[in-house]
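# Observations on chain architecture
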Amino acid sequence: MRLQIEDVLCTFCGCLCDDIKVEVDEGRIEKVRGACRLGSSKIMGHNRIKSPMIRVNGELKEISYEEAYRRAAEILINARHPLLYGWASTTCEALKKGILLAEEIGGVVDTTATVCHGPSIIGIEEKGAVGSTLGQIKNRADLIVFWGCNPSEAHPRHTLRYSSNACGRFTPDGRKGRKVLVVDVRETRTARNADRFLRIQPGTDYEIISALRMIIGGKADSLPEDVAGVSKKELIEIAEMMKSAKFGAIFFGLGLTHSRGRYKNVDNALSLVSELNSHTKFVIMAMRGHYNVTGAGQVLAWSSGYPMAVDYARGAPYYNPGETSCCDLLSRRDVDAALIIASDPASNLPRGCVEALAEMPVIQIDPFENPTTLFADVVIPSAIAGIEVEGTAYRMDGLSLRLRKLVDVEYPGDVEILQAILDNVRRLRDDN
Amino acid sequence: MIIKGGIVYDPANGIFGEEMDICIENGRIAEDAGGEVIDARGLLVMPGGVDAHSHIAGPKLNTGRIMRPDDSRMGTEPRTRVCRPSTGYTVPNCYAIGYRYARLGYTTAFEAATPIIEARHTHEELEEIPIVDKGALTLFGSNWTVMECVRENDMDMLAAYVAWGLRAARGYGVKIVNPGGGEAWGFGSNVKSVHDPVPHFDVTPAQIIRALAEVNERLRLPHSIHLHFNNLGRPGNYTTAIETLELLKDIKPSRMRQVVHVAHMQFSAYGGTGWKDFESKASAIAEYFNQTNHATMDLGQIIFGPATTMTADAPLEYANARIGHQKWSNHDIELEESSGVVPWVYTRKMPVNAVQWAIGLELALLTKDPWKVVMTTDHPNGGPFVNYPEIISLLMSREKREEEMKTLHEVVRSRSTLPSIEREMDWSEIVIMTRAAPARILGLEDKGHLGIGADGDVSIYNIRPDEIDPSKDHAVVKAGMSRAKYTIKGGAVVVRDGEIVAAPQGRTYWVDAAVPESDMDRMLSSLKEKFERYYSIRMSNYMVQDAYVPNPVVVNAGMQPLKEVI
Ligand code: SF4
């Protein structure tokens, strides 16, 4: 029987679109409507890992789930300081179990935020964040700024559903009624569709933001004629554009968080927005990549008090990014086993960190094969959240939504897998 | 379980310090019982504490945690056999919230403000708070649908929307924060008085408040409207407070309770024209409460030291951030609300803070009837709830107040009436302010008392009421109230000698209110359109699913024929 399921959530990017239509026939997804290309291909699925595996003499060999759980538990128990990393593409419920596991084995929980919007979080610790839900921007914003991000390619439905092209109560004309400014180092597709494109030299975000802050703070006179290659005149025009908006919104991406200055760039941008509020209304938001990297930060914060890089080795949460974040731990060889879930550090971490990972026992929990699988010692395939199991995820603006289950599968979900590993850890401990 | 020989205070049932046994059977207070015997000979025994206004769960709490790693570092306690690790002082992690309430002898705490669209998050955090029973009040004061119903004077539709909103949020009652101000903040402004129209909506805060109060009674909700006034935190705002209360005087309650509960009154009892001539107007407010019977309040007492202010009053937080040169988080919520978070420090030598401190105490001491005043710090706005024992000792001892005032800026003597107040509260009054009154004000029939059938929530303190004099032995009072000898929750010992010994999962209260089907249908068809056009999520993904409230207590309300109201 063909089943049409409405209002499905897309578990790909931080837009977490919740208006997808999916047709299911005999337990198989046949058709996806409403999602973008990225979303559809995720929902339609590809290369699943078929069975749990462990590495014997360098080769991955199929085993039972029970055995995989026990092997995983042994690795974690024998480790002095294990790392539990990933969490961006699974449910909040899975992370809750992961935190409990980390508390019991004295491990470190870190999320992929540390290699994407980690600097944004540190910026927020310094300055706070002046934000809103996406619907507020859709209904009110007459100026949208994309800074170091390219939604046309990375968040394809963002502009239409939530930002530059969306129509809302006070923005009935959609794109026609608002201005779009793009700040970037290259002319992206997003930039080509903007009303104004400010092309800056790589690594000069901090200077540009500082100059805008000075102009907005009435100190334009002290500025040189040229700031990091941009003329004062142009900067004044842009500052004017910001000040005269009724409601402005800045979306920023890795172009800001990962160029020279890192969290200081974000800190500066947050200050700019905070100051703009003495002239008009302005908000700012990070373009989060994976669909639930926001939720991972939320769950960690309410469980431990900190949004990422939490070390439970002392029995109580300890947080010092730069010390307890995944890359730092790996490059110092300060962890000796890793559980990788719902992420692919082999493709995303710096080379030295990947090498460190390759040298230690690694447990991978993921529905899909990826480069991390190449050196994992225990591989546990899981059901896909939002397609095969329910759960909670947080959109980039912090709204939480319930993921639906569309089809039945044999694979266990991440929650079940982590619980089974935890049970094995407890059992093995009792035996000793 | 039998609690033997304690000195019991249960003012709701007319018991004021009698030596008696309390029996608990199947989680409830019973005539008699078997099982464990707890020796409470000579010790202070009272119902479990009930916090009617505290910020314990939801997005703004978590924003506080994320922007304040400095705070999370305070109060760190490692995991134990029973407890998961604790962190934080003003913004504790979820586990710490449950354990700390239980250590104080509290068994119930209500989150004071949640937008409907973010209620799922609130419930996720509530579920992570161990031990205590809880609930969350739902925000309606700047909601587009509410304002449109008020403008059209369509009370049937408004009632249907409020009932639906409570169900969608799994909420317990109607919270109103700076009505209209949240919407005005959408474009960076605010409303200046209760008669200042909300931009684009052609309604005034006064109309919003009155309409929601009427609908609240029409729906026979267990709790009244729960109101955070306009102009909160501003010098001279006591006139707004009285003007607002006057609006509600003629509304008839549908249950035996107030028609309006005023949140954190301290922040709305200010005189003066600016911060320079800032002064207490607590006496005028208390006088108003003494002469009328339609309103109750909680204190919002400030505590010296760090706080984290967090409120759905976003323009207020913007102002706070500017005054305090503090970091500032803001969060506007489409169609519904806005909110802000700003860290703060209350300082003894700061004139304004000294007067604010006095105002809370004055309000409690000058209001004659303790049933009208609930003790809170508006956690963590005035300070963290772990300081309740400090406030109790201040209310019970003039000597302690005098000692404290010596350490404060001298304006506390000229700009408040506190130095002249002689009243010292007794244990019955403290039990009313921390248990009996909050339960009655919230409409929690099985809480706040020890009558047969009530929840088996009991706190026992290492204080011998027959042997100590709280007005002199205030240090004993504070120390004793800080670490319950026993906290019993639903008949289970959760705290023994100040330590957590069990951490059962609490329950979550929410209100399901019935309205005529035709009104609901009409409301839903107009709401559907709003979702299509303005919301950024789909209506079918909006409601809080049952999965998020695994231990619900559903309180039924609504428009069925009323039972005789006394
Ligand atoms: S924009 Fe993102 S969430 Fe939306 S459909 Fe595309 S990939 Fe999915």
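Residues numbered from 1 in each chain as written. Chains lettered and ligands numbered in written order. Predicted model: local features only at pLDDT ≥ 70, side-chain atom pairs only at ≥ 80, totals over all residues. Heavy atoms only, no water.

## Brief notes about empty space enclosed by the protein
One pass over the structure, following the stated rule, counts 6 cavities of 30 Å³ or more. Volume-wise, the largest cavity comes out at about 770 Å³. In this structure, the largest cavity is lined by 47 residues; those nearest its centre are A:Ala129, A:Gln298, A:Asp397, B:Thr63 and B:His331. The residue inventory of the lining of the largest cavity, partitioned by class, reads 22 nonpolar, 20 polar and 5 charged. Taken as a whole, the second largest cavity encloses approximately 90 Å³ of empty space. For the second largest cavity, the lining is made up of 14 residues, of which A:Cys10, A:Cys13, A:Cys15, A:Cys17 and A:Cys36 are closest to its centre. (1 Å grid on protein atoms, 1.4 Å probe; cavity = no way out; pocket = protein on both sides within 12 Å on 5 of 7 lines; lining within 4 Å. Points joined across faces, edges and corners; volume = space filled by probe spheres on them. Nonpolar A, V, L, I, M, F, W, Y, C, P; charged D, E, K, R; others polar.)

## Some points on the interface of chain B and chain A
Residue-level contacts link 55 residues of chain B with 65 residues of chain A. Taking both sides of the interface into account, the surface hidden between chain B and chain A amounts to around 5,100 Å²; carbon and sulfur atoms contribute 49%. When residues of chain B are sorted by the area they lose upon contact with chain A, B:Ile66, B:Glu124 and B:Phe187 head the list and together hold 13% of the total. Here chain B and chain A share 6 salt bridges between them. Residue A:Asp7 pairs with B:Arg538 through a salt bridge whose shortest N-O separation is 2.8 Å. Applying the counting criterion to the chain B and chain A interface returns 46 residue pairs in polar contact (both at pLDDT 80 or more). Looking at the side of chain B that touches chain A residue by residue, the classes come out as 21 nonpolar, 16 polar and 18 charged. (Contact = heavy atoms within 4.5 Å. Buried area = accessible area lost by both parts, 1.4 Å probe. Salt bridge = Lys/Arg side-chain N within 4 Å of Asp/Glu carboxyl O. Polar contact = N/O pair within 3.5 Å; in protein donor to acceptor, adjacent residues only side chain to side chain.)

## Details of the sheet that holds strand 10 (residues 179-184) of chain A
All names here are of chain A. Across the sheet, 5 strands lie side by side as 11-10-9-14-15; this open sheet has parallel pairing. Looking at strand neighbours, the two that pair on one side only are strand 11 (196-199) and strand 15 (281-286), the edges of this open sheet. Taken over all neighbouring pairs, the strand axes of this sheet differ in orientation by 15 degrees on average, direction set aside. The pairing of strand 14 (residues 247-252) with strand 15 spans 6 bridges and is classified as parallel. Paired with isoleucine 250 across the two strands is isoleucine 284, which belongs to strand 15. (Pairing = 2+ DSSP bridges. Helix = DSSP H or I, 4+ residues; strand = E, 2+ residues; numbered from the N terminus. Axes fitted to C-alpha atoms, helices over the stretch in contact; angles between N-to-C directions.)

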